[in-house]
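Residue-level listing of the chains:
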Amino acid sequence: MPNETKPKVTVAIIGAGIAGLSCASSLQAHGFEVRVYEKSRGPSGRMSTRHGAGWSADHGAQYFTARDLVFIEELNTWIKAGVAAAWHPHLSVYESGQWQESSSKESRYVGVPAMNSPGQYLAKNLSIECNQTIDKIYQQDGKWHLHSLENGDITQSFDYLVLAIPAPQSYALTKLIDHSIEAFCSSVNMQGCWTVMARFSEKVDMPFDAAFINNEIISWISQNNSKPGRTGQETWTIHANPQWSQQWIELDKEEAGKLILESAKQLGLNCQNAEIAIHRWRYASGATNTEAGFILNTDNKLSLCGDWLNGGRVEGAWLSGHKLASAIHISAAFNP
């Protein structure tokens, strides 16, 4: 008898942030057929860069660290591919009305030439459909089916479904599907982040490249051009602190920007002559159970991954997706 080729196990992943991309690339390497759905115009999630004519600004994650040996190995492949590099900023800290030098010795890394470069690197060999907002999921005859807000029913069905999206969005999709996952997601309090990008036509004289700000409206200021590989006009990224951002998450964009810029001015960064762009991250932080790492229901083959399940941070997101892929690989071997 001729050898019959066993069909590949199919996996749909909702969300093309670092967790989703990590999970997708690992599963694909294991021989799974993977398709990623992303509501935005491109991959990378909160490892994002805003581009304009002659300028760019990282307006999501500002840098990342690497402590886990498996992630360090991944980081080294990014560095070798030219999509990441070490960043050695002159760092300051502001607290109780006083400036001081940061004593942090931690190694920091960024995407090159932009923060979204590692995500684009991971995405290049994956099947990703962007501008696809998955607003409904259901299981029928042991297969997962998806519905897109933009295009209606997705024709392909899948053996496994991965939600690589923030907890509130996972809750919205699973609340009628899986009560254990629904309950977990509903217990997570994620906080937003208001972000201002200021573009200057002339160099700004500040005594640091980046600064941690404590107990003020803003929590972080960074000169984008101090990062390796950046070109164009000088831009500064200003993050409001998570608690303030969440309290005023529904504030008018211009009003939020005004308050953030007033706070920055009091700290010495006067953006009066800068061109301003404002972005609201509705779900930016709020890591919960750092022990979970990921969630996989082997009965219905529904799973979750993301930084919020693994201590936050870029490294946590990548490891969450990577570890989930290994768990799905094992699950598929025992539950074909």
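Refer to the structure printed above.
Note that the coordinates shown come from a computational prediction; the quantities given were computed from them, not determined experimentally.

A. Up close: the packing of aromatic side chains. Following the criterion strictly, the structure yields 14 aromatic pairs and no others. Geometrically, the ring pair formed by Phe64 and Phe71 is edge-to-face, given 6.1 Å between the ring centres and 70° between the ring planes. Side by side, Phe64 and Phe71 carry an identical accessibility label, which is buried. A centroid spacing of 6.1 Å and a plane angle of 80° characterise the contact between Phe208 and Trp236, whose relative ring orientation is edge-to-face. Of this pair, Phe208 sits in the loop between β14 (191–200) and β15 (210–213) while Trp236 sits in strand β17 (residues 234–240), and the two are 28 residues apart along the sequence. When its relative accessible area of 3% is taken as the criterion, Phe208 is described as buried. By way of ring pairs, the aromatic residues Phe64, Phe71, Trp78, Tyr109 and Trp318 are connected into one cluster. Sitting over the face of the ring of Tyr63, Arg108 holds its NZ or CZ atom 5.0 Å from the ring centroid. In this structure, Lys227 is placed above the aromatic ring of Trp87, and the distance from its NZ or CZ to the ring centre is 5.2 Å.

B. How the structure looks around a negative patch on the surface. Taken together, Asp252, Glu254, Glu255 and Glu262 make up a surface patch of like negative charges. Along the chain, Glu262 turns up in helix α7 (residues 253–266).

C. Highlighting the packing of helix α2 (residues 69–80) against helix α8 (residues 313–334). Here α2 crosses α8 at 105°, and the two axes come no closer than 10 Å. Judged by the inter-axis angle, α2 sits roughly perpendicular to α8. Between α2, through Val70, Phe71, Glu74 and Trp78, and α8, the contact on the second element is made entirely by Glu315, Trp318, Leu319 and His322. Taken together, the residues of the contact of α2 with α8 sort by class into five nonpolar, one polar and two charged.

D. Looking closely at the sheet that holds strand β12 (residues 152–153). With respect to topology, three strands assemble into an open sheet ordered β10-β11-β12, the strand pairing being antiparallel. For this open sheet the edge positions go to β10 (134–140) and β12, each flanked by a neighbour on one side alone. In the sheet, strand β11 (residues 143–148) pairs with β12 via two bridges, with the strands oriented antiparallel. Among the inter-strand pairings, His147 is bridged to a residue of β12, identified as Asp153.

E. Spotlight on the packing of helix α4 (residues 167–174) against helix α5 (residues 179–186). For the pair α4 and α5, the least separation of the axes is 8 Å and the interaxial angle reads 150°. In terms of orientation, α4 and α5 fall into the roughly antiparallel class. At the point where α4 passes α5, the crossing takes the left-handed sense. Contacts between α4 and α5 involve Ala167, Ser170, Tyr171 and Thr174 from the first element and Ile181, Glu182, Cys185 and Ser186 from the second. In the contact of α4 with α5, the residues fall into four nonpolar, three polar and one charged.

F. Representation of the nonpolar core within the structure. Counting 42 residues, the largest nonpolar core has Ile13, Cys23, Leu27, Phe64, Trp78 and Val162 as its most contacted members. The biggest single contributor to this core is α8, with eight residues. Filtering out sequence-adjacent residues up to four positions away, Val162 remains in contact with Val11, Ala12, Ile13, Ile14, Cys23, Ser303, Cys305, Leu324 and Ile328. Core analysis: the next-biggest nonpolar cluster, separate from the first, contains 25 residues, Met206, Ala256, Leu261 and Ile278 among them.

G. The arrangement of α4 in detail. Of the residues making up α4, those classed as buried are Ala167, Ser170, Leu173 and Thr174. Around the axis of α4, the buried residues are gathered within 125° of arc, so they sit on the same side. Of the surrounding secondary structure, the elements contacted by the buried residues of α4 are β1 (10–14), β10, β13 (160–163), α5 and β20 (302–305).

H. Layout of unusual backbone geometry. A cis amide bond, omega 5°, links Val112 with the succeeding residue Pro113. Note on placement: Pro113 falls in the loop between β8 (108–111) and α3 (117–123). Of note in this structure, Ser44 is not a glycine but carries a positive phi near 115°. Mapping Ser44 onto the fold places it in the loop between β2 (33–37) and β3 (49–52).

The rules we used
Residues numbered from 1 in each chain as written. Predicted model: local features only at pLDDT ≥ 70, side-chain atom pairs only at ≥ 80, totals over all residues. Heavy atoms only, no water. Phe/Tyr/Trp six-rings, centres within 6.5 Å; stacked < 30°, edge-to-face > 60°. Buried < 20%, exposed > 50% of the residue type's maximum accessible area, 1.4 Å probe, protein only. Helix = DSSP H or I, 4+ residues; strand = E, 2+ residues; numbered from the N terminus. Lys NZ or Arg CZ within 6 Å of the ring centre and 35° of its normal. Patch = residues over 30% accessible without salt bridge, like charges linked within 9 Å, V, L, I, M, F, W, Y side chains within 5 Å. Areas by Shrake-Rupley, 256 points an atom, 1.4 Å probe, with all protein chains shown as cover. Salt bridge = Lys/Arg side-chain N within 4 Å of Asp/Glu carboxyl O. Lys, Arg positive; Asp, Glu negative; His and termini not counted. Charge placed at Lys NZ, Arg CZ, Asp CG, Glu CD. Axes fitted to C-alpha atoms, helices over the stretch in contact; angles between N-to-C directions. Parallel < 35°, antiparallel > 145°, perpendicular 65-115°, else oblique. Contact = heavy atoms within 4.5 Å. Nonpolar A, V, L, I, M, F, W, Y, C, P; charged D, E, K, R; others polar. Pairing = 2+ DSSP bridges. Left-handed = near helix turned anticlockwise from the far one by under 90°. Core = buried A, V, L, I, M, F, W, Y, C linked by side-chain atoms within 4.5 Å. Arc of directions from axis to C-beta.

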